[in-house]
Every structure is written in structure tokens, then in C-alpha cells.
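Coordinate inspection notes
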Amino acid sequence: MLSNRGETYAVAGLANGYLGHLKAPFDKENKEGVFLMQDVILDYIRTRAASGLDRTSLTYHEGPFGSRRLREAMAKLITTYFYPASPITSDNILFTSGVTSLNAVCALCLTDPKDGILLGDDPFGPSAVIRYEEAFLKARDEDGVSVRALLICNPHNPLGRCYPRETLEALLQFCQKYQIHIISDEVYALSVYEENTSTDGFISLLSIEPANIGVNPALIHVLYGMSKDFAAAGLRLGCLISQNQKLLQAALSIRGCLNPTLVADQGGWAAELDLSNRLLQIGVRMSSGYAYHNEVPGWFRIIFSVEMETLEEGLSRIVKFYLSSGGSS
Ligand SMILES: Cc1ncc(COP(=O)(O)O)c(C=O)c1O
């Protein structure tokens with residue numbers, strides 16, 4: 001027996017296109033099948049990316065939200081191609097398995113049940129704000145729905161158009177006026193025709209300085225990933241880019257499968273977290289029971305399937321730490 005929504009998904013058949021016979025990869029001889037730029041990408045991954053892999057790429061050690069190397073590489077890419085108004089570092093970025101799952105993460109972290117997210121059709125001119133505002137007010141005043149965010153797709157799928165700067169600014173100001181978040185799915189950012197001079201081309205929401213138009217940067221969130229510009233959808237890599245540390249923290253918690261209700265109710269868990277952090281400072285990672293939904297604080301998980309020397313070193317650090325803090329921790 002599934003949940004009600006599980007039953008709906010089960011009959012929706014949204015993945016049917018992926019089932020059954022797979023399409024053949026592109027065959028240069030008979031020009032059939034699917035061609036993107038996968039040969040180029042595969043060659044790059046095999047020769048450049050894979051050769052730089054190290055152990056951290058295979059572990060959770062730098063977080064189940066992307067290794068620091070990956071997040072730093074993405075920060076560099078964003079800085080180069082999105083022209084962010086404020087510096088973007090690895091601390092502003094977290095990865096999940098694709099932009100699709102980030103939509104769920106954003107919805108979970110920004111809305112409560114029965115809240116709404118605004119989505120638009122034909123939304124490119126600044127007058128879009130009038131229609132968004134109408135929808136916002138109708139939802140609030142007639143339907144009793146609190147709209148908590150506006151979601152845009154820039155460059156747009158399926159229309160392929162980029163939002164002009166003045167529209168983006170108007171949307172930002174609209175979000176500021178009603179204190180709602182703006183989420184910009186920019187997964188197609190670099191897949192635009194450069195020779196098109198009739199528009200400004202792609203302008204990232206990150207490139208607009210919010211302070212100049214009186215907007216709180218904590219309301220602005222961008223989604224990006226490898227599926228489109230890198231023709232690598234199978235890698236399942238998507239990232240959230242935000243200056244909102246609270247949202248990032250919330251998303252990290254969900255990413256690590258923590259129970260959000262426990263986060264609000266810390267109590268003895270705070271001491272456990274503190275101990276975890278202090279152990280981390282001496283190079284010992286001991287996962288807290290909290291992270292695994294344990295019922296009472298004070299339990300830790302330790303991985304001992306490492307080389308004996310490593311285990312002994314870790315244990316001796318814990319003992320030294322315990323003794324140096326008066327055996328009280
Ligand atoms: C606008 C847009 N965002 C996100 C996705 C999916 O991204 P991902 O493969 O990272 O889940 C798609 C896929 O078609 C898309 O069109």
C-alpha cells in the first residue's frame with residue numbers, strides 16, 4: 001500500500017520514456033540514435049577529470065553534498081561565466097543528485113504544507129510582475145495560500161529565451177516587496193547562441209547586485225548542474241548556489257537525511273554536536289547518533305574498518321582529548 005501521493009506517482013508513468021528499449025548511442029556510420037557531445041565529454045572525463053580523482057571523491061568526508069574540490073571547481077565556473085555580483089565560494093554551493101532533486105529540497109525548506117510557489121507562463125517582459133502580483137494576491141486573499149517563492153527558468157525551457165535584465169530586476173523587487181524567495185533554474189545557462197544580438201543573452205540572477213535595487217540577497221537562490229551544458233545528465237549532479245546560509249544549512253540537513261523536527265529541538269543534542277565538532281578539530285570524525293535518528297543523545301558512530309595504524313591513531317587522539325579536558329566530556 002503506497003501513500004496517496006505514492007499512488008498518484010505510480011500511475012503517472014513519468015519515467016516510461018526511459019523504460020523498455022534504450023535508444024542506441026549515436027552511430028556516425030548510419031547517423032542514427034542520440035547525438036549530443038558525449039564523445040567529447042567522455043574523453044574529457046577519462047583523460048582530465050578521472051586522472052585527478054583522489055580518495056575524497058569516494059567518501060562522505062567532505063560532506064555528502066559534494067567534495068570541496070567539486071564545490072571549488074563549480075565556484076570557479078560560476079565566477080567565470082555567471083559574473084556574480086558578490087563572490088561565490090565553495091561555501092555557497094551544495095550538490096545533490098541533480099537539479100530535479102533540488103526543487104524538492106527548496107520546496108521542503110522554503111514552504112510548509114499548503115503553501116504555494118509561483119510559476120509563470122509567458123513571463124519575459126517586466127509586465128510579468130503584474131500577473132505574478134495578481135496571482136500572489138489571489139492566492140493570499142481568496143484561496144488562503146501563502147506563496148513563499150517564485151520559481152523561474154532562465155534560460156527558459158522549453159521556450160529557449162533568456163530573461164532581460166530589467167525583468168529580472170523587477171522580479172527581484174517583487175519578491176522583496178512580499179518577502180518571498182526567488183529560485184532561478186539556470187541549468188541551461190551556457191547553452192545559448194552567442195551571435196544573437198537581439199537580446200542581452202543569458203544574465204544570471206547572481207550577476208545582479210541586490211543591494212543596488214534594495215533586495216535582500218538571502219532571498220536569491222540559483223540552481224545549476226551538469227545535465228545540460230555538460231551533456232552529462234547521467235552523472236546526476238546539480239547544485240544550489242545561495243548566499244543564504246540558513247537555507248544552505250537546512251538543505252544540508254535534508255541532504256544528510258536528518259529529521260528536520262529534531263533540528264528545532266536540540267536540548268542534549270547540542271552537547272553531542274559540540275563534542276562532534278571538538279573531535280573534528282583534532283582530526284577525528286565521529287558521526288553523532290543525532291545524524292542517524294537515534295532516540296537519545298550521546299551515541300556516536302565510529303568506523304573501524306580502516307588500517308590498524310589509522311584506528312590506533314584515532315583512538316589515541318580521543319583518549320588524549322578526553323584526558324586533557326579533565327575526563328569530563
Ligand atoms: C529547466 C530544467 N531544469 C532541470 C532539469 C533536470 O536537471 P537534472 O538532470 O539536473 O535533474 C531539466 C531537465 O530537462 C530542465 O529542463
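Here the structure is a predicted model, which means the values were calculated and not measured.

Criteria and thresholds
Residues numbered from 1 in each chain as written. Predicted model: local features only at pLDDT ≥ 70, side-chain atom pairs only at ≥ 80, totals over all residues. Near = placed C-beta within 6 Å. Nonpolar A, V, L, I, M, F, W, Y, C, P; charged D, E, K, R; others polar. Axes fitted to C-alpha atoms, helices over the stretch in contact; angles between N-to-C directions. Helix = DSSP H or I, 4+ residues; strand = E, 2+ residues; numbered from the N terminus. Parallel < 35°, antiparallel > 145°, perpendicular 65-115°, else oblique. Left-handed = near helix turned anticlockwise from the far one by under 90°. Contact = placed C-beta atoms within 7 Å. Buried ≥ 20, exposed ≤ 12 C-beta atoms within 10 Å, placed from the backbone. Pairing = 2+ DSSP bridges. Right-handed = clockwise from strand over helix to strand, strands pointing away.

**With respect to the site of the ligand**
In the neighbourhood of the ligand, the contacting residues comprise G98, V99, T100, C153, N157, D185, V187, G225, S227, A233 and G238. Residue composition of the shell around the ligand, grouped by class: four nonpolar, six polar and one charged.

**Points about the packing of helix α5 (residues 128–141) against helix α6 (residues 165–178)**
Where α5 meets α6, the closest approach of the two axes is 9 Å, and the angle between their N-to-C directions is 25 degrees. By the angle between their directions, the pair α5 and α6 is classed as roughly parallel. Where α5 crosses over α6, the handedness of that crossing is right-handed. Contacts between α5 and α6 involve A128, V129, Y132, E133 and F136 from the former and T167, A170, L171, F174 and Y178 from the latter. Classifying every residue of the contact of α5 with α6 gives eight nonpolar, one polar and one charged.

**Quick word on the pairing of strand β4 (residues 181–185)**
Most of β4 sits inside the fold, with five of its five residues counted as buried. Going residue by residue along β4, you find H181, I183 and D185 tucked away on one face and I182 and S184 tucked away on the opposite face as well. Across five bridges, strand β3 (residues 147–153) lies against β4 in parallel orientation. Paired with I152 across the strands is S184, a residue of β4. For the crossover that starts at β3, traverses α6 and ends in the parallel β4, the hand is right-handed. Two strands pair when backbone bridges link them, and β4 and strand β5 (residues 220–225) are joined in this way by four bridges, in the parallel orientation.

Keep in mind these numbers describe shape, not what the thing actually does.
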